[in-house]
Amino acid sequence: MKIVKSKFKMLLILLVVFNSINSLAQKYEVLIVTGQNNHYWQGSSKIVAKTFNNSDLFNATVIVSPSKGEDMSEFSPKFKKYDLVCLDYNGDYWSDKTQNKFVKFVKKGGGLVVFHASDNSFPKWKEFNEMIGLGGWGNRTEKDGPYVYWKNGEFVRDNSPGRGGSHGEQEDFVVRTRNSEHPIMKGLPSVWMHSKDELYHSLRGPANNMTVLATASQKKESGGSGRQEPMLMTINYGKGRVFHSVLGHTGKNSLNSVKCAGFITTLLRGAEWVVTGDVTQTISSDFPNAKAVTLWEGLEAPDAN
Ligand code: ZN
């Protein structure tokens, strides 16, 4: 009897171990790189990490770089331990060794997610600009590639001279889906309201192997371009997939843009897509329409079935 009992106990333990291994195996490992940014990275990186960890699909780790101006030579994240890297970084150049390691990671199929000012980073790093498709500031001009925007029912590549990167006053704005069949966008409304944010415009870059998924526009009187500007993009780089969201401006007292249901939903769907090439997440019933913003203070994630 005693033997039977201990055998039963052993079986239970094995089941528990198997189940926990199994549930761990289902999560994708995310490395959030931060530490320098002209935005409130201390807040945004925490919120984005919580967003990933709430979703049941991801397990996020945050790595903080040395501060601006400090020695970067030893900063060398172990990218290949992760399924995807999420950049919340706009700062000093990484060492050549770290840059090469990162290029190798994405080229070999590693996932990459960049949001907001991460696309201001590394203006002179050619391969990085290939990965992100479009970038802003850092003396980007026509030498770095065309402007890309939606006009008369199609995307235009505009090589006219001018600076790359600008934005107007922060405001709530409508985001418009431009590729409803892409796995990241499938099932999302064709228009939805995003909470107060900076609407980046006039970005420039090589824009190779790039698909724009959504656009938004701001009037010239408010500092916008008046054009339908790319908000969400995917880029294929080697065997790697990249999701680029220009949304997500943060300041010490303004974190709503990264708590917006639209930002969170598209970030998580983009993150799954860069890992698997598909999206299994369902869309929350309180996803915003074109009239009102939805903030998820508790950072609810869509059901990940
Ligand atoms: Zn910003």
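Small disclaimer: the values here were computed from a predicted structure and weren't measured.

**Q** With reference to specific residues and values, describe helix α5 (residues 261-276).
**A** The terminal C-alpha atoms of α5 lie 22 Å apart, and with 16 residues this matches the ideal 22 Å at 1.5 Å per residue to within 8%. By the criterion of burial, α5 is predominantly enclosed, with 15 of the 16 residues buried. A positive phi of about 80 degrees marks Gly277, the residue just after α5.

**Q** Hey, could you go over the pairing of strand β5 (residues 147-151) for me, with residue numbers and the actual values?
**A** On a regular strand, one side chain projects to one face of the sheet and the next to the other, so that they alternate. As paired strands, β5 and strand β6 (residues 154-158) are joined by five bridges and run antiparallel to one another. Among the inter-strand pairings, Lys151 is bridged to a residue of β6, identified as Glu154. From the end of β5 to the start of β6, which pair antiparallel, there are two residues, and Asn152 there has a positive phi angle of about 50 degrees.

**Q** Before we move on, can you summarise the environment of Asn129 with the specific residues and values?
**A** Tracing the backbone through its elements, the reader meets Asn129 in helix α4 (residues 126-132). Along the primary structure Asn129 and Pro206 are separated by 77 residues, whereas in three dimensions their C-alpha atoms are 6.9 Å apart. In this structure, Asn129 is in contact with Phe122, Pro123, Lys124, Arg140 and Pro206, ignoring residues within four places of it in sequence. A distance of 2.8 Å separates a polar atom in the side chain of Asn129 from the backbone oxygen of Trp125.

**Q** Explain the environment of Lys80 to me, using residue names and the numbers behind them.
**A** Here Lys80 lies in the loop between β2 (58-64) and β3 (84-87). You can call Lys80 exposed: its relative accessible area is 79%. When the C-alpha atoms of Lys80 and Gly109 are compared, they prove to be 9.9 Å apart, with 29 residues separating the residues in sequence.

**Q** Talk me through helix α2 (residues 41-54); I want residue IDs and the actual numbers.
**A** With 14 residues, α2 should reach 20 Å at 1.5 Å per residue; the first-to-last C-alpha distance of 19 Å fits that figure. Among all positions of α2, only Trp41, Gly43, Ser44, Ser45, Ile47, Val48, Ala49, Thr51 and Phe52 are buried. Tucked into the core, α2 has its buried residues touching β1 (28-34), β2, β3, β4 (111-115) and α5. Residue Asp56 follows α2 closely and has a positive phi angle near 75 degrees.

**Q** Help me get a handle on the coordination of the zinc ion, residues and values and all.
**A** Each pair of donors in an ideal four-coordinate tetrahedral metal site encloses 109.5 degrees, whereas pairs in an ideal six-coordinate octahedral site enclose 90 or 180 degrees. Coordination sphere of the zinc ion, protein contribution only: His39 (NE2), His116 (NE2), Glu198 (OE) and His249 (ND1), at 2.0 to 2.1 Å. For the zinc ion, the four donor atoms are set out with angles of 92 to 155 degrees between them, so the coordination reads as irregular. If you list the donors of the zinc ion from N- to C-terminus, the spacing comes out as H-x76-H-x81-E-x50-H. In this pair, His39 is assigned in the loop between β1 and α2 and Glu198 in the loop between β9 (191-197) and β10 (200-201), connecting sequence segments 159 residues apart.

**Q** So what about unusual backbone geometry? Which residues, and what values?
**A** You will see that His116, though not glycine, has its phi angle at about 45 degrees, which is positive. Judged by relative accessible area, which is 2%, His116 ranks as buried. With a phi close to 60 degrees, Trp137 is a non-glycine residue in the positive phi region. By secondary structure assignment, the location of Trp137 is in the loop between α4 and β5.

**Q** Break down the nonpolar core for me, with residues and values.
**A** Ranked by internal contacts, the top residues of the largest apolar core, which has 76 residues, are Phe52, Trp94 and Phe102. In terms of residue count, α5 provides more of this core than any other element does, nine residues in total.

**Q** Outline the pattern of salt bridges, supporting the account with residue identities and numerical values.
**A** For the structure shown, the criterion picks out five salt bridges. Of the charged contacts, one joins Lys68 and Asp92 as a salt bridge, the two residues approaching to 3.0 Å between their closest N and O atoms. In this pair, Lys68 is assigned in the loop between β2 and β3 and Asp92 in the loop between β3 and α3 (96-107), connecting sequence segments 24 residues apart. Here Lys143 ties to Asp144 by a salt bridge, and the two come within 2.8 Å at their closest N and O atoms.

**Q** Describe the side chain of Thr177, and please don't skip the residues or the numbers.
**A** Tracing the sequence through the fold places Thr177 in strand β8 (residues 171-177). We classify Thr177 as buried; its relative accessible area is 14%. Polar contacts involving the side chain of Thr177 include one to the main-chain carbonyl oxygen of Pro189, which spans 3.0 Å. Once you skip the residues sitting within four places of it in the chain, Thr177 turns out to touch Met185, Pro189, Ser190, Trp192, Leu213 and Ala214.

**Q** Residues and numbers for the packing of α2 against α5, please.
**A** Angle between the axes and distance between the axes: these two values describe a pair of packed helices. Relative to each other, α2 and α5 sit at 65 degrees, their axes nearing to 11 Å. As α2 packs across α5, the resulting crossing turns out to be right-handed. Of the residues in α5, those touching α2 at Val48, Thr51 and Phe52 are Phe263, Ile264, Leu267, Leu268 and Ala271. Its residues assigned to classes, the contact of α2 with α5 comprises seven nonpolar, one polar and no charged.

What counts, and at which threshold
- Residues numbered from 1 in each chain as written.
- Predicted model: local features only at pLDDT ≥ 70, side-chain atom pairs only at ≥ 80, totals over all residues.
- Heavy atoms only, no water.
- Helix = DSSP H or I, 4+ residues; strand = E, 2+ residues; numbered from the N terminus.
- Expected span 1.5 Å × (residues − 1).
- Buried < 20%, exposed > 50% of the residue type's maximum accessible area, 1.4 Å probe, protein only.
- Pairing = 2+ DSSP bridges.
- Contact = heavy atoms within 4.5 Å.
- Polar contact = N/O pair within 3.5 Å; in protein donor to acceptor, adjacent residues only side chain to side chain.
- Donors = N, O, S within 2.8 Å, 3.2 Å for Na, K, Ca; no water.
- Tetrahedral: all angles 85-135°; square planar, octahedral: opposite > 155°, others 65-115°.
- Core = buried A, V, L, I, M, F, W, Y, C linked by side-chain atoms within 4.5 Å.
- Salt bridge = Lys/Arg side-chain N within 4 Å of Asp/Glu carboxyl O.
- Axes fitted to C-alpha atoms, helices over the stretch in contact; angles between N-to-C directions.
- Left-handed = near helix turned anticlockwise from the far one by under 90°.
- Nonpolar A, V, L, I, M, F, W, Y, C, P; charged D, E, K, R; others polar.

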